[in-house]
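Residue-level listing of the chains:
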Amino acid sequence: MRILVLGGTVFLSKATAVEAVRRGHEVVCAARGESGQVPEGAQHVAVDRNVGLGPLEGSHFDAVVDVAKMSVTWVRQALRSVTTDHWTFVSSCSVYADHSTPGTTATLDPLEDDPDAPPSPDRYGAVKVASENAVLDAVGDRAFILRAGLITGPGDPSDRFGYWPNRLSQGGRVAVPDATDQPAQHIDVRDLAAWIVDAAEQRTTGTYDAIGPANPLFMVLGEIAGAVAPQGTELVRIPEPVLQQHEVAPWVGPRSLPLWLPSTHRSMMFRDAGPALAAGLRVRPTSDTALDSLEYERGLGLDRTRRAGLPPEVEDALLNAVG
Ligand SMILES: NC(=O)c1ccc[n+]([C@@H]2O[C@H](COP(=O)([O-])OP(=O)(O)OC[C@H]3O[C@@H](n4cnc5c(N)ncnc54)[C@H](OP(=O)(O)O)[C@@H]3O)[C@@H](O)[C@H]2O)c1
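Residues numbered from 1 in each chain as written. Predicted model: local features only at pLDDT ≥ 70, side-chain atom pairs only at ≥ 80, totals over all residues. Heavy atoms only, no water.

**Examining helix α5 (residues 189–202)**
Step number 1: For α5, built from 14 residues, the straight-helix expectation of 20 Å at 1.5 Å per residue is met to within 8% by its first-to-last C-alpha distance of 20 Å.
Step number 2: With 11 of its 14 residues buried, α5 lies for the most part within the structure.
Step number 3: Regarding α5, the residues found buried are V189, D191, L192, A193, A194, W195, I196, V197, D198, A199 and A200.
Step number 4: Backbone geometry just after α5 places R203 at a positive phi near 60°. (Helix = DSSP H or I, 4+ residues; strand = E, 2+ residues; numbered from the N terminus. Expected span 1.5 Å × (residues − 1). Buried < 20%, exposed > 50% of the residue type's maximum accessible area, 1.4 Å probe, protein only.)

Below, the structure written as structure tokens:
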């Protein structure tokens, strides 16, 4: 097959291109080339989506994969510019309006792009809804829409999941949120990429939550620890009020505990993985993701300044606070 990946220079879109090349497909990656390089074996066509798809205008591909993060303008322009038999659009679980009640599926109202509006999670989700709608309007009979949850594994630029294998591999007393009732789920980037290529090959269509099964957070952290932590490592549960007193943020940020969710978002990682698994998604054990994420973290430097996770002095203060 001849596959167009709109992206291909970083994380998910790159992993998708890697997988498609590995299976012998002809892969064209359209990107500026600022986030990285396209994988060996793929063709790089330099485009800036703020301008257009340039030399690709009017081309036909057997399959297209679009990861446009937050621009319905880019999505519509791509739909106008190329034709295809199968169109994957990578959306997000952020399209859902309610992250506090388990099982709700109502989405946010769609929003058009507004370059002057400050970025926010709700805006992100609402622009994804508009982007999904644009895809369905144009190629609904060929559309494969993936509402991805937390994407993990090697190459993750967000620093979120990788914090845990990094920190747990160093052992000792490790501060973890005492939020045992909170579910957690993720999808390894390589499993998502493989499913995208499977779907292109098999012409799978429909809209899915693209995520692995949910488990209690403490179980997920235990599985990561089981894969990477030295003997004697102790997971020390820090009560949420203590985390708040020390201004530790949930989810993301330079003083955060990734995978921990605020009370308003307790169901964000409790989506039903069943339909995706029934439609062909295969997920590797979290322990494998942890081991490969640790290798990636080691390449970056275990003690680097992070975009997500706890600085050591903040963790020390938390551990001292609970004795
Ligand atoms: N990470 C998560 O946990 C998570 C969760 C849910 C959903 N998602 C979704 O999953 C997808 C992730 O995609 P990704 O990992 O490949 O990363 P991404 O950051 O969303 O996409 C980056 C790709 O877009 C290209 N790009 C950026 N600006 C461009 C421009 N002006 N013109 C042309 N290309 C441009 C980049 O290439 P150049 O910079 O080289 O041009 C790169 O290849 C996104 O749709 C995201 O919303 C992510």
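**Observations concerning the pattern of salt bridges**
Step number 1: Under the definition given, this model contains 23 salt bridges.
Step number 2: A salt bridge links E26 to R2; its shortest N-O distance comes to 3.3 Å. Linking E26 in strand β2 (residues 26–31) with R2 in strand β1 (residues 2–6), this pair joins segments that are 24 residues apart in sequence.
Step number 3: We classify E26 as partly exposed; its relative accessible area is 45%.
Step number 4: A salt bridge links R173 to E234, with the shortest nitrogen-to-oxygen separation between them at 3.7 Å. Of this pair, R173 sits in strand β10 (residues 173–177) while E234 sits in strand β15 (residues 234–238), and the two are 61 residues apart along the sequence.
Step number 5: Taking the relative accessible area as the measure of exposure, R173 reaches 33% and is therefore partly exposed.
Step number 6: One network of salt bridges, in which partners are shared, links E19, R22, R23, D198, E201 and R282. (Salt bridge = Lys/Arg side-chain N within 4 Å of Asp/Glu carboxyl O.)

Limitation: the analysis is restricted to geometry and does not speak to function.
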